[in-house]
Amino acid sequence: MDHENDFVIEMLHITKEFPGIKANDDITLQLRRGEIHALLGENGAGKSTLMSVLFGLYQPEQGEIRKDGKPVKINNPNDATALHIGMVHQHFKLIEVFTVLDNIILGAEDTKLGFVQRKEARKKVEELSKRYGLAVDLDAKVENITVGMQQRVEILKMLYRDNEILIFDEPTAVLTPQEIVELMQIMKGLAREGKSILFISHKLNEIMEVSDRVSVLRKGRYIGTVNTKDTTAVELSRMMVGHDVQLVVDKAPAQPGETVLKVTDLHVASRLYKHDAVKGVSFEVRKGEIVCIAGIDGNGQSELVFGLSGLEKCTGGKIELGGVDITHAPIRKRSEAGVSHIPEDRHKHGLVLDFTLEQNMVLQAFEEPRFAHMGFIRFGEVRKYAERLIEEYDVRSGQGPITMARSMSGGNQQKAIIAREIDRDLPLLLAVQPTRGLDVGAIENIHKQIVAQRDEGKAVLLVSLELDEVMNLSDRILVMYEGEIVGELDPKETTVEELGLYMAGAKRQDRKKEARA
Amino acid sequence: MKKTSFFDKAGTRSVLASLVAILIGMLAGGVVILAVGLTNPALGLSGAWEGIRLVVGGLFATGRTASGQLTFGFNPASFGNMLFRAVPLIMTGLSVALGNKAGLFNIGAPGQYLAGTAASLYVALSVPTNVVPSWLVWFVALLAGMLAGALWGSIPGLLKAYLNINEVLACIMTNWISANLVTWIFDISNLKNMLEGTKSGYIYKTSTIMNDVIIDGVRQTVGAAVPEGAQVVATRGGVATGKMGLDQLFSGSQVNAGILVAILIAVVIYILLAKTTLGYQLKACGANRYAARYAGIQDRRNIVLTMALAGALAAAGGALYYLSGNTEFFWNTYQSLPGEGFNGIPVALLAINNPLGVVFSAVFMSMLQICGQKLTELTAYNEYITNVIIAVIVYLSAFMLVIKTWIGKLRSRKAVDK
Amino acid sequence: MPFLIRQTLVYAVPLMLVALAGVYAERSGIINLALEGIMIFGAFMGVLFVRFVQQWGWFEPAYVDKNYLSLQFFCFLAMLFAAAMGALFSLLLAFAAINLKADQTIGGTALNLLAPALVLFFIRLIANQNTLNMDHGDAASWFMLKKSMFGYGRKQEMGFLGSTFVDKVYVATYICILVFIIMAIILYKTRFGMRLRSCGENPQASASLGINVVGMRYAGTVISGALAGMGGFVYVLTTANCSANGDVAGFGFLALAVMIFGNWKPGNICGAALLFGLFKCIAASYSTLDINGDGVYMLKNLNINTNIYRMLPYVITLVVLAFTSKSSRAPKAEGIPYDPGKR
């Protein structure tokens, strides 16, 4: 049998254009039956556009799609489902208030007289779950189960529909290292059973671990397809980025001065659940150092920052800024006392999208005497200030200060926020995932700015989910796991593997004991 | 070239969208009138034609000739009444517009309007004008009304800010509570109009002069004419908004300086929103509550403040309307809410929440009401058709954005054609 | 006591039906603020139907012969007509909210303004006054069950159950209860109901599973309109002697409050509606209320102002909302226009 050319799905010479940008430029992707095929590329390389084409959400200008060698037309997701193509989306497509079982059968229900027949469905799901080793609690509500189990529900959804082609879109972003290992096993098992898997990722080690072949995209172009066993991670990264990656940020050793931020036994309530999300965290940040909070998403990092910035009430403990207790101070007071904050969600917290750029630049400062006189805004001063920031921080926009924030690109929106926060020139900078969703150039620029702040003697507290960023940028690493700090590491002495163990809760230091000693 | 850029401006497009909404609303009213006319033999096509002419140009209707033809011309009474009736609409429109700017849908304007009406009437009719000059009573009554409205508006504001209760639902409930409360207050008051005998369910006009007198040791209230031998304890009433010559300009109408006060307040609100730090805060809260909170703006305080201000504005509408001295208030309101309150919504939406635009859209709305009145007077149709038109306009306002995009597309297609 | 229960049901049943109308719309993702307007419209259309059919004389023989079964059928037809018209009216909201992605709050408000305006415009044209009544006779003589129908004499007692649930009761009330139960089951046990609910929570997920979100939202809104229209007619039939005047005095909004209080769940809504029905009933008839049948009008003797009783349902709604707002869980995607491009 000609195993080499037994393709279940082929996307040939796909070209998709959006106004001003070629998202896919002559891309070819061929998936063999029973293989795990990785699709590698940076943010904006065109991976999600290609998948949207496969699912009929976009129609390509050129190219064709073949199933089992025959050309097919996919006009909407239903066509894709009919061809037995299924996908685990990066953001799960689950109904939170439904049970696991209802989520699995939704859209493919067996009915009698319109009534859903759950008994038969349950039997089928239980069989599938046993056969593929996908443990789930069928009667639990999705909102109450772990992220890992939610992902298993998504996989079961595909299997329940007898899908043959399974697409995993960045499936490991939300998982702990242990869950990732488990997922890899599951994927290998599925491939053994004859399912064909497309694995979208930009994490090289995972691709090396699990895939049979890799196709690489860069800036909308198809770079090539290689056999995993014939390549190395370094070669793949070169294919992905186009040049050797300078992964190390150029910075001098830190020269920490006196303590700026002192946090003692801090507790912050969770917005979603009844327990605390931050459970007794203590640490210090000194002048001239970058302290990084590492951890998997959802281990209390966001709440810790909310507690520090005043967006959420602290339920216990103490926050001191330059020796002043600000534990219960309102946001404005903290801001005046010296906290600047690059927020995690730039659309929710960072910007008023329907305000102009200049209005956003004075979001905190509009009441200061330099911008206001007797309650009236000094528009001329605001304009001058905004123009200076735009110039200094190279914020690009269509109409300068009067551009609507909504119409700016993500990178420039982030630059505007960073300009605003840095220019306030306050002793403490809280930066939460400052480079999320940005391209390499923008990331480099932002990293430089943060290091420059440190060298000017600011205390920087960085929260990041990207291990590379954590390792390269920080002077000290604090690892958070389930609301606690489980380890303090020196990036020069530790390894990514060790960091991973702490992040997964597999290893922890007894910091209290050490502090006493 | 310059003209194109004028039409491509967002502001121009918004105004155009509003005009389109008005046009479609009028069209819908016309269609209803036509359909009724055609199915009703008593009206017929000619009746429908009369109806349509009155809906569009009722403001200029002057009556009928001896032969039954409608006549049109400048009608000072209609013009004056249009301005008079625009006053409460400007105020409730400002109230809703302010709420919208701050991201709050103030459907509570009817209740706030009633609260303002009740408080100002109570003060105007209770403070003895033989002691306090009547202009001062007028002023205090207006302030009292606004204060009552502010208090009433802050209830849904507090519920929204601290308990996150949907302000729409809370406003609707406070509307009905207000309606019942006002009924109750006047029910047990001595301000019910008993002097003129035949009327029931009305409160005295504020211009009515009442004398509290003691006759034979018994205290009672009489009208302006004091019976002989009675000892006057206090004189109340006689409070009315100044006319400032407007009544001569528009003879036969109820117009007074209230319209000037309303326009002044609109200008103040415009400046507040566009030029001050307070306006900046309110708009920031309205556009993105989370970002405002992140920036240290006290979003909760601003929600309460906005609702209180909105309440004061709506209440001022009621106060200005009834302090005119020539309008009686029907106090048994518990079964229905004042239309002026709800009509603040279309006024604000048509004006795209611009306080100065509110003045124009309110005048337009009150013109529609005059048209409706003429329709009832002169034809077999009735004034409710104007409410239909207003409702259609509100309906269209709900997807103003879509209309704006249509206009944009129309423009670009024209540009391609050229 | 029988009177109190009977009257409570008279208010509670339309209330829970209209609250369920709200549930159908919101669970599909559309905020239906227009319940009040749809009730007004449905009430008007139902009364108009009764009036015309009376004029045509279709059921005149049955009325003369006291053929109660036929008359109940007549009433049922009027209910169906009101429901159909309510559904038709709600299409306006569906079109604006779904096709044009309009602001649902403003759209609903528009319908709340439109309904009384249209209704009063036509009532004035038809009846030359502000209230539209039946053509002749009254609601009680046409549609009400009476003990005489079951062979009881004027002085015979029907017993507690009989005098509570049979005598002086409208069958329409029971039909509403039945409709409520059926629609609640459909919402939870059928494929249609399950898919509809998913669209109010995560329409993007529903669409990814091949569910027609637009269709489901239309279905939710139209069913909502039908239930509210029926509820509106039954409300004026049982409380206003089958007459329409372009107003239901905030009853539709009360239903929204009941829906929120009931946490968007039919069972809880049932309880909430009974509670609110009781207060409405007390407000309407406290002065003649003889709770334990000893001839003493206890509530009247308390000497509390009428207005307090009238205010009570609204005040209680606010208080209840204040206490339940923290734990209530609205459908996640309600009020957000569905955009297939967004993932």
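For every chain, the first residue of the written sequence is number 1, and numbering continues from 1 along that sequence. Ligands are numbered from 1 and chains lettered from A, in the order in which they are written. Totals for whole chains, interfaces and linings use all residues, but because this is a predicted model, local features are given only for residues with pLDDT of at least 70 and pairs of side-chain atoms are given and counted only at 80 or more.

Examining the overall build of chain C
Condition: Secondary structure elements are defined from DSSP: runs of H or I of at least 4 residues count as helices, runs of E of at least 2 residues count as strands, and each element is numbered from the N terminus. Here the globule rule is a power law, 2.2 Å times the number of residues to the power 0.38, and the radius of gyration is based on C-alpha atoms. Each residue is classed by its C-beta neighbour count within 10 Å, where at least 20 other C-beta atoms makes it buried, 12 or fewer makes it exposed, and intermediate counts make it partly exposed; the C-beta atoms are placed from backbone geometry. Distance between backbone-placed C-beta atoms decides contact: two residues are in contact if it is within 7 Å.
Looking only at helices and strands, chain C has 15 helices and 2 strands in total. Radius of gyration (C-alpha) of chain C: 21 Å, near the 20 Å computed for a compact globule of 343 residues. Taken over the C-alpha atoms alone, chain C extends approximately 70 × 50 × 40 Å along its principal axes. Relative to its 343 residues, chain C shows a buried fraction of 53%. A fraction of 80% describes how many contacts in chain C between residues 6 or more apart in sequence connect residues 24 or more apart.

A look at the pairing of strand β5 (residues 218–222) of chain B
Residues in a regular strand point their side chains to alternate faces of the sheet. All names here are of chain B. Put simply, the rule reads: Pairs of strands are assigned from DSSP output, requiring at least two bridges between the strands.
Along β5, only 0 of the 5 residues are buried, which leaves the element largely exposed. Alignment of strand β4 (residues 209–215) against β5, held across 5 bridges, turns out to be antiparallel. In the strand pairing of β5, I215 is matched with V218. Hairpin geometry of β4 and β5 is characterised by an intervening segment of 2 residues between the two adjacent antiparallel strands and by a positive phi of about 55° at D216.

Digging into the nonpolar core
Which entries qualify depends on this criterion: In these notes, a nonpolar core means any group of buried Ala, Val, Leu, Ile, Met, Phe, Trp, Tyr and Cys residues linked to one another through C-beta atoms within 7 Å.
If you look at the biggest cluster of nonpolar residues, it comprises 322 residues, and the most contacted ones within it are V479 of chain A together with L15, M16, A19 and V258 of chain C. Contacts of V479 of chain A, omitting those with residues within four sequence positions, involve A294, G295, I485, V486, G487, L489, L499, Y502 and M503 of chain A. Counting 72 residues, the second largest nonpolar core, distinct from the first, contains I36, L83, F98 and L159 of chain A.

Side note on the interface of chain B and chain C
What counts, and what does not: Note on residue categories: nonpolar means Ala, Val, Leu, Ile, Met, Phe, Trp, Tyr, Cys or Pro, charged means Asp, Glu, Lys or Arg, and polar means any other residue, Gly included.
At the interface, 39 residues of chain B touch 36 residues of chain C. Among the secondary structure elements, those contributing two or more residues to the side of chain B that touches chain C are α6 (134–163), α7 (167–187), α13 (339–350) and α15 (384–397) of chain B. With 12 residues, the top contributor of residues to the side of chain B that touches chain C is α7 of chain B. Residues belonging to the side of chain B that touches chain C are distributed by class as follows: 30 nonpolar, 8 polar and 1 charged.

Observations concerning unusual backbone geometry
Look at E170 of chain A: it is not a glycine, yet its phi comes out positive at around 40°. Mapped onto the secondary structure, E170 of chain A falls in the loop between β9 (165–169) and α6 (177–192). With 17 C-beta atoms counted inside 10 Å, the residue E170 of chain A sits in the partly exposed group. The backbone phi angle of K66 of chain C is positive, close to 55°, even though this residue is not glycine. Mapped onto the secondary structure, K66 of chain C falls in the loop between α3 (60–64) and α4 (68–99). Judged by C-beta crowding, with 11 C-beta atoms within 10 Å, K66 of chain C ranks as exposed.

What to know about the packing of helix α9 (residues 258–275) of chain B against helix α14 (residues 355–378) of chain B
Residue and element names in this part refer to chain B. As a reminder, the rule being used: A fitted line through C-alpha atoms serves as each axis, taken over the contacting stretch for helices, and the angle formed by two N-to-C directions is quoted from 0 to 180°. Note on angle classes: values under 35 degrees are labelled roughly parallel, values over 145 roughly antiparallel, values of 65 to 115 roughly perpendicular, and the remainder oblique.
The interhelical angle for the contact between α9 and α14, taken along N-to-C directions, is 150°, at an axis separation of 7 Å. Classed by the angle they form, the pair α9 and α14 counts as roughly antiparallel. Counted together, I263, A266, I269, Y270 and L273 of α9 and P355, L356, V358 and V359 of α14 form the full contact between these two elements.

Quick word on the sheet that holds strand β13 (residues 259–269) of chain A
Residues and elements named next belong to chain A. Strand order in the open sheet made by the 4 strands is β14-β13-β16-β17, with antiparallel pairing throughout. Either end of the sheet is taken by a strand with one partner, and the two such strands are β14 (276–286) and β17 (324–325). Note: strand β16 (residues 314–321) against β17, 2 bridges, orientation antiparallel. The residue of β17 that forms the bridge with L321 is V324.

Observations concerning the domain arrangement of chain B
What counts is decided by this rule: An automatic or database domain assignment is the source of the domain bounds shown.
When the domains of chain B are assigned, the result is domain 1 (2–74 + 404–417) and domain 2 (84–195 + 242–358). Computed over C-alpha atoms, the centres of domain 1 of chain B and domain 2 of chain B are 31 Å apart.

Topic: the interface of chain A and chain C
Each side of the interface is counted separately: chain A has 16 residues, and chain C has 15 residues. Looking at the side of chain A that touches chain C, the elements with two or more residues in it are α2 (77–82) and β8 (115–116) of chain A. For the side of chain A that touches chain C, the element with the highest residue contribution is α2 of chain A, accounting for 3 residues. Classifying every residue of the side of chain A that touches chain C by side-chain character gives 7 nonpolar, 5 polar and 4 charged.

With respect to the confidence of the model for chain C
Residues and elements named next belong to chain C. We apply this condition: For every residue, the predictor states its confidence as a pLDDT score lying anywhere from 0 to 100.
When pLDDT is averaged across chain C, the result is 88; 94% of the residues are at 70 or more. The least confident element of chain C is helix α14 (residues 298–301), whose mean pLDDT is 66; the most confident is helix α11 (residues 213–239), at 96. Confidence estimates for the predicted assembly give a pTM of 0.86 and an ipTM of 0.87.

Let's talk about the sheet that holds strand β6 (residues 231–237) of chain B
Residues and elements named next belong to chain B. A sheet is described by the order of its strands in space; here 3 strands give the open sequence β5-β4-β6, paired in antiparallel fashion. The open sheet terminates on both sides in strands that have one partner only, identified here as β5 and β6. Geometrically, the sheet is characterised by an average inter-axis angle of 20° between neighbouring strands, direction not taken into account. For β4 and β6, the ladder comprises 6 bridges, and the chain directions are antiparallel. By the bridge assignment for β6, V213 is matched with V232.

Observations concerning the environment of I370 of chain B
Residue and element names in this part refer to chain B. For I370, the position within the fold is in helix α14. In sequence terms I370 and F330 are 40 residues apart; their C-alpha atoms lie 20 Å from each other. Ignoring anything within four residues of it in the chain, the contact list for I370 reads G58, L59, S78, N81 and M82.

Brief notes about helix α1 (residues 47–54) of chain A
Residues and elements named next belong to chain A. For α1, a buried count of 6 out of 8 residues is recorded, marking the element as mostly surrounded by other parts of the structure. Of all the residues in α1, the buried ones are K47, T49, L50, M51, V53 and L54. Note on α1: the residue one or two positions beyond its end, G56, has a positive phi of about 75°.

Some thoughts on helix α5 (residues 104–127) of chain C
Given 3.6 residues per helical turn, the α-helix brings residues three or four places apart onto the same face. Residue and element names in this part refer to chain C. Note the threshold: Each residue after the first adds 1.5 Å to the expected span of a helix.
Compared with the 34 Å implied by 1.5 Å per residue over 24 residues, the 34 Å span of α5 between its first and last C-alpha is a close match. Summarising burial for α5: 19 of the 24 residues are buried, a large majority. Backbone geometry just downstream of α5 places N128 in the positive-phi region, at approximately 60°.

Re the packing of helix α8 (residues 171–189) of chain C against α11 of chain C
All names here are of chain C. Definition in use: Crossings are sorted by hand: turned counterclockwise from the far helix by less than a right angle, the near helix makes the crossing left-handed, and turned clockwise it makes it right-handed.
Between α8 and α11, the shortest axis-to-axis distance is 10 Å and the interhelical angle comes to 160°. Classed by the angle they form, the pair α8 and α11 counts as roughly antiparallel. Relative to α11, the crossing made by α8 is left-handed. Of the residues in α11, those touching α8 at A172, T173, C176 and M183 are L227, V234, L237 and T238. Looking at the contact of α8 with α11 residue by residue, the class counts come to 6 nonpolar, 2 polar and no charged.

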